[in-house]
Amino acid sequence: MRALRIGMRRGWAEHMHLLRNRRELIGTLIGAVGFFALMLLWMGDRPVKGTDVSNATFMTAGFLAFTVFSNGLMTLPLSLVTDREEGALLRLRAVPGGIPAYLTGRAVTVLCQIALQSALLVATAVLVGGVAPPRDWLTLAWVLVLGTVAVVPLGAAIGCLLPSSKSGAGMVALPMMLLLVPSGVMFPVTAMPEAIQWVAQAFPLYWQGLGLRAAFLPDSMLVAEIAGSWRLPYVAAVLGAWTVAGMLLAPGLIRRMTRRESGSRLAERQLATQAA
Amino acid sequence: MSTAVSVRGLRMRYGAADVLRGVDLEIRRGEIFTLLGPNGAGKTTTIEILEGFRRRSAGEVSVLGTDPEKGGDDWRARLGIVLQNWRDHTRWGVRELVVHLSRFYDAPRDPGELLASVGLTEQAGQQVGRLSGGQRRRLDVALGIIGRPELLFLDEPTTGFDPQARHEFHLLLTRLAADDGMTVVLTTHDLAEAEKLAHRTAILVGGRIAVCGTPGELAREVQAQSSVRWIEDGRERVLSTPDPSRSAWELHRRFDGPVPGLEIRRPSLEESYLELIGRAA
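This one's a predicted model, so the numbers in the text were calculated from it and none came from an experiment. (Residues numbered from 1 in each chain as written. Chains lettered and ligands numbered in written order. Predicted model: local features only at pLDDT ≥ 70, side-chain atom pairs only at ≥ 80, totals over all residues. Heavy atoms only, no water.)

1. Here's the deal with the overall build of chain A
Right, on to step 1. For chain A, the helix and strand inventory stands at eleven helices and zero strands.
Right, on to step 2. Reading the helices (α) and strands (β) of chain A from amino to carboxyl end gives α-α-α-α-α-α-α-α-α-α-α.
Right, on to step 3. Expected size for 276 residues packed as a compact globule is a radius of gyration near 19 Å; at 20 Å, chain A falls within 12% of this value.
Right, on to step 4. In terms of its C-alpha atoms, chain A occupies a principal-axis envelope of roughly 60 × 40 × 35 Å.
Right, on to step 5. When each of the 276 residues of chain A is scored for burial, the buried share is 55%.
Right, on to step 6. Approximately 12100 Å² of chain A is accessible, and the part contributed by carbon and sulfur atoms is 71%.
Right, on to step 7. A gap of 11 Å separates the mean positions of the 23 positive and 13 negative side-chain charges of chain A. (Helix = DSSP H or I, 4+ residues; strand = E, 2+ residues; numbered from the N terminus. Rg over C-alpha atoms; globule rule 2.2 N^0.38 Å. Buried < 20%, exposed > 50% of the residue type's maximum accessible area, 1.4 Å probe, protein only. Areas by Shrake-Rupley, 256 points an atom, 1.4 Å probe, with all protein chains shown as cover. Lys, Arg positive; Asp, Glu negative; His and termini not counted. Charge placed at Lys NZ, Arg CZ, Asp CG, Glu CD.)

Right under this line is the structure:
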């Protein structure tokens, strides 16, 4: 219990540090929201092809899904690697209950970032894009929560496998960008060849996006969805399956990573970084 | 005096390489103990096994009565660890980090008093990333002792310290060992520091403890040469000998009384160390 309590305070403190850091603030928060605002201004007014729904409404659901996805599967793993390289993980390993507190803290920081970015994206959509508030708040809430829960353990597992922050950024960012295109978060997935639609459905980003579109878009948009349905039970099932997979995978990998941390490994990594 | 650390037949093998080949070691409670040795001798491996950061290949290890491989949070709370490669928590405030890490312990030191004891009161509000190298090390030491550990591991603690900061750090460490009864295990390349601080020193060579004891015991064990100086026929004479007491007694007999300008200088820890390493090479 103590580790959990300290971890929550730690997560909040880390979140506040991000907000106080101008570079981080511009790079993550303002950058993402600013890009979204620009997209809204550029093409938000146009309707999605063959429907009467604006691009702005469609993009809002997509950007929200991508925010959750990128925070969980890119920001979180890279934070883990950076903490490992700087020695934060080892320092926490050296204190009683440090690792559970650290992991709780990292999860809380990611949740705070997702919550803040999501709130800002919705506010920007309403104020800049003239998007109507979500038609189904309940669906918005559970899809956001389940989508977050699905990617956080998975992100932690990926972070354990990345060799370094330098190479890790490329290793994570490239597949993320590749997944962005076919996942239907930027434009309707039915515009893609069928094989790509199947690939998209294997990953949580598509299902997260589908659930969020169900919360924002009218049923008239179902013509642009696979099977002409929001398939919310499937959204819950697939995101739930990814959650279980992450939960099964992450603890073992985290234990392995923390067990391998020592002063000499830290020194070796820092020497390698200096030499590179 | 009871035992803080007990090591029997410790072996460590990485692939085909034997890094530790049967280390035997006993560290008493309340003493400052230094582990010396050339690079690759196995110091870091030994310390990491004691800290519970590394699994051993064979042997028995007990740290504060517990096998480090099985040590849980209660055991971990009794240890303090200060490494030399930490560059973490750079965005945190100095005091904020000290307060945060103090929460992991039942009876931590007061953060304000702790920062004062390592001379960081003025930097309490600064970001950790803005501290100088020496200040950063002092913060690391503060964080290492925040939980009032019974046993403190220090890896090259004064690297980057200026002479004044080094002197103050030595006073702090001596005080902690004397007042709080804390056991300190120190690894350093600074032999003068080891000689100044340590009650006992072990020298690890080729994966084994070559010698262990006080600086005097080490010198005797290694049979490093002492120097005996005296004045005879108006000139200074110097004799190098492993047994200076015997030489002084023989001089006393030869002069049939006080020996003019007699001076005996026993070998320093550095000389004993170099003698031992030179022999092993």
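2. Digging into the sheet that holds strand β2 (residues 17–28) of chain B
Residues and elements named next belong to chain B.
Right, on to step 1. One open sheet holds the three strands; their spatial order is β2-β1-β4, and the pairing between them is antiparallel. Each having just a single partner strand, β2 and β4 (58–63) make up the two edges of the open sheet. Put simply, the sheet's adjacent strands are angled 15 degrees from each other on average, direction ignored.
Right, on to step 2. Relative to β4, strand β1 (residues 3–14) is paired through five bridges, and the arrangement is antiparallel. In the strand pairing of β4, R8 is matched with E60.
Right, on to step 3. Contacts from helix α1 (residues 43–51) reach β1, β2 and β4 within the one sheet, and its direction differs from that of β1 by about 120 degrees. (Pairing = 2+ DSSP bridges. Axes fitted to C-alpha atoms, helices over the stretch in contact; angles between N-to-C directions. Contact = heavy atoms within 4.5 Å.)

3. Remarks on the pattern of salt bridges
Right, on to step 1. Tallied over the full model, the rule gives 25 salt bridges over all chains.
Right, on to step 2. R91 of chain A is the partner of D88 of chain B in a salt bridge, and the nearest nitrogen-oxygen pair spans 2.7 Å. Separated into two different chains, D88 of chain B in the loop between β5 (79–82) and α3 (94–102) and R91 of chain A in helix α4 (residues 88–93) make up a pair that spans both.
Right, on to step 3. A residue is classified by how much of its surface remains accessible, and D88 of chain B, at 0% relative accessible area, is buried.
Right, on to step 4. The class for R91 of chain A is buried, based on a relative accessible area of 2%. (Salt bridge = Lys/Arg side-chain N within 4 Å of Asp/Glu carboxyl O.)

4. Considerations on the interface of chain B and chain A
Right, on to step 1. At the interface, 28 residues of chain B touch 33 residues of chain A.
Right, on to step 2. Where chain B abuts chain A, roughly 2900 Å² becomes buried across the two surfaces, and 52% of that area is made up of carbon and sulfur atoms.
Right, on to step 3. When the buried surface of chain B facing chain A is broken down by residue, F53, R91 and F104 of chain B rank first, second and third, together holding 26% of it.
Right, on to step 4. On the surface where chain B and chain A come into contact, there are three salt bridges.
Right, on to step 5. Across the salt bridge formed by D140 of chain B and R91 of chain A, the nearest N and O atoms sit 2.7 Å from each other.
Right, on to step 6. Where chain B packs against chain A, one counts twelve residue pairs in polar contact (both at pLDDT 80 or more).
Right, on to step 7. Those elements that provide at least two residues to the side of chain B that touches chain A are α1, α2 (73–76), α3 and α5 (133–144) of chain B.
Right, on to step 8. Per-class residue counts for the side of chain B that touches chain A are ten nonpolar, five polar and 13 charged. (Buried area = accessible area lost by both parts, 1.4 Å probe. Polar contact = N/O pair within 3.5 Å; in protein donor to acceptor, adjacent residues only side chain to side chain. Nonpolar A, V, L, I, M, F, W, Y, C, P; charged D, E, K, R; others polar.)

5. Quick word on a nonpolar patch on the surface
Residues and elements named next belong to chain A.
Right, on to step 1. A cluster of nonpolar side chains, L38, L41, V126, L127 and V128, forms an exposed patch at the surface whose accessible area comes to about 500 Å².
Right, on to step 2. Within the residue set of the nonpolar patch, elements represented by two or more residues are α2 (22–43) and α5 (98–127).
Right, on to step 3. By secondary structure assignment, the location of V128 is in the loop between α5 and α6 (137–161). (Patch = residues over 30% accessible without salt bridge, like charges linked within 9 Å, V, L, I, M, F, W, Y side chains within 5 Å.)

6. Section: the confidence of the model for chain B
Right, on to step 1. When the pLDDT values of chain B are averaged, the result is 87; 97% of them are 70 or greater.
Right, on to step 2. Taken element by element, the predicted model of chain B shows its lowest mean pLDDT in helix α8 (residues 215–222) of chain B (73) and its highest in α3 of chain B (96). (pLDDT = per-residue confidence, 0-100.)

7. Description of the pairing of β1 of chain B
Successive side chains on a regular strand alternate, one facing one side of the sheet and the next facing the other.
Residue and element names in this part refer to chain B.
Right, on to step 1. Sheet topology note: the β1/β2 ladder contains nine bridges and is antiparallel. Counted as the bridge partner of Y14 is A17 from β2.
Right, on to step 2. The loop that links β1 with its antiparallel partner β2 comprises two residues; one of these, G15, has a positive phi angle of about 60 degrees.

8. Topic: the packing of α2 of chain A against helix α3 (residues 55–86) of chain A
Residue and element names in this part refer to chain A.
Right, on to step 1. Where α2 contacts α3, the two axes come as close as 9 Å, and the packing angle between them is 160 degrees. With respect to their mutual orientation, α2 and α3 come out roughly antiparallel. When you trace α2 past α3, the crossing you get is right-handed. Contact residues: F35, F36, M39, L40 and M43 in α2; N55, A56, M59, T60 and F63 in α3. (Parallel < 35°, antiparallel > 145°, perpendicular 65-115°, else oblique. Left-handed = near helix turned anticlockwise from the far one by under 90°.)

9. Comments concerning α3 of chain A
Right, on to step 1. With 32 residues, α3 of chain A ought to run about 46 Å at 1.5 Å a step, and its terminal C-alpha atoms sit 43 Å apart, in line with that.
Right, on to step 2. Taking the largest bend as the criterion, α3 of chain A deviates by roughly 35 degrees, centred on N71 of chain A. (Expected span 1.5 Å × (residues − 1). Bend = angle between axes of the 7 residues up to and from the residue.)

10. Regarding unusual backbone geometry
All names here are of chain B.
Right, on to step 1. One non-glycine residue, L64, lies in the positive phi region at around 50 degrees.
Right, on to step 2. When you line up the elements, L64 lands in the loop between β4 and α2.
Right, on to step 3. Given a relative accessible area of 4%, L64 falls into the buried group.
Right, on to step 4. For D233, which is not glycine, the phi dihedral falls at a positive 55 degrees.
Right, on to step 5. Structurally, D233 can be placed in the loop between β10 (226–232) and β11 (235–241).
Right, on to step 6. The class for D233 is exposed, based on a relative accessible area of 68%.

11. Some details on the nonpolar core
Right, on to step 1. Membership of the largest hydrophobic core comes to 111 residues, with the highest contact counts inside it found for L212, F216 and M221 of chain A together with F104, L139 and L154 of chain B.
Right, on to step 2. Broken down by element, this core gets its largest block of residues, 15 residues, from α3 of chain A.
Right, on to step 3. The residues contacting L154 of chain B, other than those within four sequence positions of it, are V82, V141, F169, L173, V184, V185, L186 and T187 of chain B.
Right, on to step 4. With 33 residues, the next largest nonpolar core counts V63, L83, L151 and A202 of chain B among its residues. (Core = buried A, V, L, I, M, F, W, Y, C linked by side-chain atoms within 4.5 Å.)

12. Quick word on the UniProt feature "transmembrane region" (unreviewed entry) in chain A
All names here are of chain A.
Right, on to step 1. Annotation from UniProt places "transmembrane region" (unreviewed entry) at residues 25–44, 56–82, 103–128, 140–162, 169–189 and 232–254.
Right, on to step 2. With 95% helix and 0% strand, residues 25–44 has its two end C-alpha atoms placed 25 Å apart.
Right, on to step 3. Secondary structure content for residues 56–82 is 100% helix and 0% strand, and the end C-alpha separation is 36 Å. (UniProt positions renumbered as here; feature names shortened; annotations may be inferred.)

13. With respect to helix α10 (residues 232–260) of chain A
All names here are of chain A.
Right, on to step 1. Under the 1.5 Å per step criterion, the end-to-end length of α10 is 41 Å for 29 residues, consistent within 8% with the ideal 42 Å.
Right, on to step 2. The largest bend in α10 comes to about 25 degrees, at A250, with the proline P251 one to four residues further on.
Right, on to step 3. Among the residues of α10, V235, V238, L239, T243, G246, A250, L253, I254, M257 and T258 are the ones counted as buried.
Right, on to step 4. Those residues of α10 hidden inside the fold are in contact with α3, α4, α5, α6 and α9 (204–216).

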